Amino acid sequence: MDAVLGQVYAGISLASVLLLIALGLTLTFGQMGVINMAHGEFLMAGAYTAFVTQQVFEAAGLSLLLALPLAFLVAGLLGVLLEVTLISRLYARPLDTLLVTWGVSLVLQQVARDVFGAPAVEVRAPSWLTGNVEVLGTPFTTGRLFIVVLALGSVTVLSLVLRSTALGRRIRAVVQSRGLAETSGVDSRRTDRLTFFIGSGLAGVAGVALTLIASTQPYMGSTYIVDAFLVVVAGGIGQIRGAVLAAFGLGLLQAAFAYSQSVSTAKVLLLVVVIAFLQVRPQGLFDVRTRSVV
Amino acid sequence: MSASAGSLRRPAAARAGWTGRAAVAGAYAAAAAVLLLGAPALLSDFRLRLLTQFLCLAMVAVGIGLAWGRGGMLTLGQGLFFGLGAYIMAMHLQLSDAGPGGRPSFMVTGSGAPWWWELFRSPVAAVVGIVAVPGLLALLLGLSVFRRRVKGAYFAILSQASAAAFALLLVSQQNTIGGSNGLSSFRQFFGYALNDPVNRRLLFSITAGLLIAMVAVVHQLMRSRFGELLTAVRDGEERVRFLGYDPAVVKVVAYVVAAVFAAVGGAMFVPVVGIISPNNVGVVPSIGFLIGVAVGGRATLLGPVLGALAVSYAGSELSARYESVWIYLQGLLFIVVVAFLPGGLGSAFGALPRPGRGRTPVVGSDEPGPAPAAQDGPSLVNEPEPFGEPVPVRTGEVR
């Protein structure tokens, strides 16, 4: 029983990480139909922001809390820079955007290697995030619990922003119909940039969270990015509830497969499940477009 | 996107009539002869080996040129097929090195080789397997994905995930497939000792011959009705469907051909380089295959080959001494070529129409000019469809 619960917790914690990464992805994907392969490197930038913050502020707890908004800002600005310089030129060619952003991610990884060195840097976790709490009699590390809370918090805030602020309305309008939104007076270009800022910023926050459970190194983004893409694909474009469901579904499935098989077999099975799922619902769990032919 | 305009034109040979066609064919034959005869005579053994290795990568590029450049399917997972071909070849070579009934030296536990190794013990079975296994897998993947109209970025991500999963699977199988070390140290290639320089030249000739054959296959495919359909699917999948064709079939054929090319490239890579490991098949090498294709011109006949050769050469010259420079260069190539020169580096010199000017009517063909709907967003990808605009919902809410 303990082993099963432990596996469930592992699944939940993986799901929260994937959710944090996929939230930003699904936002930019839904808004602009753009797959940003450099999203993982924004995550890495967030993690290094946490590292730098800790160099300035010794106290691990304070620096972690400071790093969260700072990483949001750093990654968000990187995202806007990318959007303005490259992505905005490529709106008619979404697949080319994917390759261009892959080039950007190569460059960013190498920059991180040249600045911080190839070996992992140490980001100390504050003392209140290093212990265990017992949930239903099975230990759950507080670091992972923090990530779960952070992921759920981000989902809540993002949903509220999208549902009931002027910015959220504009974003939803552009997602649903860019042309009509423009006719109604929405500055869609400005909305694009803001969306990219928020989506990339969320990757930065995810990066700070990852320093608690993974090593901070130049290639950390590529570890999770493929799985995060699968979450976006399975969840449906631009759908937060889809991302939540898909993240927890895939996270728990992987944990279940990893329990009975090896981790790598679990990955293969997961891919098979996603492909099989797309047979039933090619558009993902949820879909904005209702009357489209394709 | 006018890279598509360039490729919508029928190949030069088709336009020029019989004499022109003969001239073009002669030029290709001359180039092939120079490659086949000149390279072994002029290059040192070391250089020739490098060139053979690059030719293997160029085979993958030819396939990507067909699937991505002509068909608009961005496959980020060719490492899967490259790896399948390579590992089948490697398994066969290790078994034949071990002799009848023997098993590869790296397997420390158990007795005999696993049954799926034994499948490829005979040379004929190995050759058939190199083509059939990746081909069937591509057929299965392609049918399940394209029939459900999964495309664009979705397809790219699925193909990428398949390469990632394959590499992970290989790493985990330390005892049966060599894990992260991969398979290496092969002594002979179908009975020919691999350390003999004469046999290495033979290996070069086989590789070059296969590559030339692949280019010829793509050439013929693109001259055929299938080629026209493939380009049409890329530029307007819905319209092709409404015309009564099944785009899924067209795409699956191109995808399977690309997979088989990648597998054959992988199979030749093994005896030439002497090692295959998960590092050669994962996400990073899979996307790496695309750089050469993009640089050379994705929708051209020889562009992918030349691009792959140039990029591989640059990589081998730079990566050993200036590793970080090479990575920056790779990144910048992706950014600059794909964003600003989608027709390939050649388009920078005016060989191809410039991007972003809309489609020009096709010279010398009986095709009508561009349809109005395609003018504001013609693209290499089939993402923005002229049909099915999303339904406006409660616009009163929008400020």
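Treat the numbers as computed from the prediction; the structure is a model and nothing was measured.

Describing the overall build of chain B
From N to C terminus, chain B includes 15 helices and four strands. Residues counted as buried form 53% of the 399 residues belonging to chain B. Partitioning the contacts of chain B with sequence separation of at least 6, the portion at a separation of at least 24 is 78%. In the form shown here, chain B has an accessible surface area of approximately 16800 Å², with 64% of it arising from carbon and sulfur atoms.

Brief notes about the pairing of strand β1 (residues 132–135) of chain A
Residues and elements named next belong to chain A. Pairing analysis gives four bridges linking β1 to strand β2 (residues 138–141), with the strands arranged antiparallel. From the neighbouring strand, asparagine 132 faces β2, where its bridge partner is threonine 141. Counted between consecutive antiparallel strands, the loop separating β1 from β2 contains two residues, among which leucine 136 sits at a positive phi close to 55°.

Brief notes about the environment of Ile275(B)
Residues and elements named next belong to chain B. With respect to the element layout, isoleucine 275 can be found in strand β4 (residues 275–276). Between the alpha carbons of isoleucine 275 and proline 100 there is a distance of 22 Å; along the sequence they are 175 residues apart. Setting aside chain neighbours within four positions, we find isoleucine 275 in contact with Asn181, Leu183, Ser184, Phe186, Phe269, Val270 and Asn280.

A word on the packing of aromatic side chains
Residue and element names in this part refer to chain B. Under the definition given, this model contains 12 aromatic pairs over all chains. On the basis of an interplanar angle of 45° and a centroid distance of 6.4 Å, the ring pair of tryptophan 116 and tryptophan 117 is categorised as tilted. Among the residues examined, tryptophan 116 registers a relative accessible area of 28% and is labelled partly exposed. Judged by centre distance (5.8 Å) and plane angle (90°), the rings of phenylalanine 146 and tyrosine 255 are edge-to-face. Residue phenylalanine 146 is found in helix α6 (residues 123–146), and its partner tyrosine 255 is found in helix α12 (residues 247–273); the two are separated by 109 residues along the sequence. Exposure remark for phenylalanine 146: the relative accessible area of 3% places this residue in the buried category. Owing to a relative accessible area of 3%, tyrosine 255 belongs among the buried residues under this scheme. Site record: aromatic cluster; members linked through ring pairs are Phe81, Phe146, Phe155 and Tyr255.

Considerations on helix α5 (residues 142–164) of chain A
With 23 residues, α5(A) ought to run about 33 Å at 1.5 Å a step, and its terminal C-alpha atoms sit 32 Å apart, in line with that. Looking only at α5(A), the buried set comprises Thr142(A), Gly143(A), Phe146(A), Ile147(A), Val148(A), Leu150(A), Ala151(A), Ser154(A), Val155(A), Leu158(A) and Leu162(A).

Let's talk about helix α3 (residues 60–85) of chain A
Here α3(A) spans 36 Å end to end across 26 residues, near enough to the 38 Å set by a 1.5 Å rise per residue. The sharpest bend along α3(A) measures roughly 30° and falls at Ala67(A), with the proline Pro69(A) sitting one to four residues further on.

Some remarks on the side chain of Ser200(A)
As for its placement among the helices and strands, Ser200(A) is situated in helix α8 (residues 188–210). Among the residues examined, Ser200(A) registers a relative accessible area of 1% and is labelled buried.

Points about the interface of chain A and chain B
Taken together, the contacts link 56 residues of chain A with 60 residues of chain B. Roughly 5200 Å² of surface becomes buried between chain A and chain B when both sides are summed, with 74% attributable to carbon and sulfur atoms. On inspection of chain A and its partner chain B, the count reaches two salt bridges. In this assembly, chain A and chain B are joined by five residue pairs in polar contact (both at pLDDT 80 or more).

Remarks on the packing of helix α1 (residues 2–32) of chain A against helix α10 (residues 240–260) of chain A
All names here are of chain A. Axis separation between α1 and α10 bottoms out at 7 Å; the angle between their running directions is 145°. For the crossing formed where α1 meets α10, the hand is right-handed. For the pair formed by α1 and α10, the contact residues are Ala3, Val4, Gln7, Val8, Gly11, Ile12, Leu14, Ala15, Ser16, Leu19, Leu23 and Thr26 on the first element and Ile240, Ala243, Val244, Ala247, Phe248, Gly251, Leu252, Gln254, Ala255, Ala258 and Tyr259 on the second. Residue composition of the contact of α1 with α10, grouped by class: 17 nonpolar, six polar and no charged.

Observations regarding the pattern of salt bridges
By the definition in use, this model includes 14 salt bridges over all chains. Close ionic contact of Glu317(B) with Arg47(B) constitutes a salt bridge, the shortest N to O distance being 3.6 Å. Taken together, the residues Glu317(B) in helix α14 (residues 303–321) and Arg47(B) in helix α3 (residues 45–70) connect sequence positions 270 residues apart. Residue classification places Glu317(B) among the partly exposed residues on the basis of a relative accessible area of 25%. For Arg47(B), a relative accessible area of 33% translates into the label partly exposed. In this structure, the salt-bridge partner of Arg241(B) is Glu238(B), at a minimum N-O distance of 3.3 Å. Note that Arg241(B) and Glu238(B) are positioned in helix α11 (residues 237–242) at a spacing of three residues, about one turn of the helix. For Glu238(B), a relative accessible area of 1% translates into the label buried. One network of salt bridges, in which partners are shared, links Glu83(A), Arg178(A), Arg189(A) and Asp192(A).

Notes on the confidence of the model for chain A
Residues and elements named next belong to chain A. Of the residues in chain A, 95% have a pLDDT of 70 or more, and the chain-wide mean is 84. Put simply, β1 is where chain A has its lowest mean pLDDT, 72, and helix α2 (residues 39–56) is where it has its highest, 91. Between residues 290–294, whose pLDDT stays under 50, and residues either more than four places distant or in other chains, the model counts 12 contacts.

A few points about the environment of Ala15(A)
All names here are of chain A. Along the chain, alanine 15 turns up in helix α1. Placed 130 residues apart in sequence, alanine 15 and leucine 145 show a C-alpha to C-alpha distance of 12 Å. Not counting chain neighbours up to four residues away, the residues in contact with alanine 15 comprise Ala247, Phe248 and Gly251.

Things to note about the confidence of the model for chain B
All names here are of chain B. In this model, chain B carries an average pLDDT of 80, and 82% of its residues clear a pLDDT of 70 or more. Element-level mean pLDDT values for chain B span from 44 in helix α1 (residues 2–8) up to 95 in α12. Taken as a whole, residues 1–8 scores under 50 in pLDDT and shows 27 contacts with residues more than four places along the chain or in a different chain. Here residues 351–399 is modelled with pLDDT under 50, and outside its nearest four sequence neighbours on either side it reaches 86 contacts, counting other chains as well. Scored by ipTM, the complex comes to 0.83, with pTM at 0.83.

Quick word on unusual backbone geometry
All names here are of chain B. One non-glycine residue, serine 185, lies in positive phi territory at about 50°. Assignment of secondary structure puts serine 185 in the loop between β1 (183–184) and β2 (188–189). Taking the relative accessible area as the measure of exposure, serine 185 reaches 58% and is therefore exposed.

Regarding the side chain of Asn199(B)
Residue and element names in this part refer to chain B. Here asparagine 199 lies in helix α9 (residues 197–223). The exposure class of asparagine 199 is buried, given its relative accessible area of 15%. Contacts of asparagine 199, omitting those with residues within four sequence positions, involve Tyr192 and Ala193.

Criteria and cut-off values
Residues numbered from 1 in each chain as written. Chains lettered and ligands numbered in written order. Predicted model: local features only at pLDDT ≥ 70, side-chain atom pairs only at ≥ 80, totals over all residues. Heavy atoms only, no water. Helix = DSSP H or I, 4+ residues; strand = E, 2+ residues; numbered from the N terminus. Buried < 20%, exposed > 50% of the residue type's maximum accessible area, 1.4 Å probe, protein only. Contact = heavy atoms within 4.5 Å. Areas by Shrake-Rupley, 256 points an atom, 1.4 Å probe, with all protein chains shown as cover. Pairing = 2+ DSSP bridges. Phe/Tyr/Trp six-rings, centres within 6.5 Å; stacked < 30°, edge-to-face > 60°. Expected span 1.5 Å × (residues − 1). Bend = angle between axes of the 7 residues up to and from the residue. Buried area = accessible area lost by both parts, 1.4 Å probe. Salt bridge = Lys/Arg side-chain N within 4 Å of Asp/Glu carboxyl O. Polar contact = N/O pair within 3.5 Å; in protein donor to acceptor, adjacent residues only side chain to side chain. Axes fitted to C-alpha atoms, helices over the stretch in contact; angles between N-to-C directions. Left-handed = near helix turned anticlockwise from the far one by under 90°. Nonpolar A, V, L, I, M, F, W, Y, C, P; charged D, E, K, R; others polar. pLDDT = per-residue confidence, 0-100.

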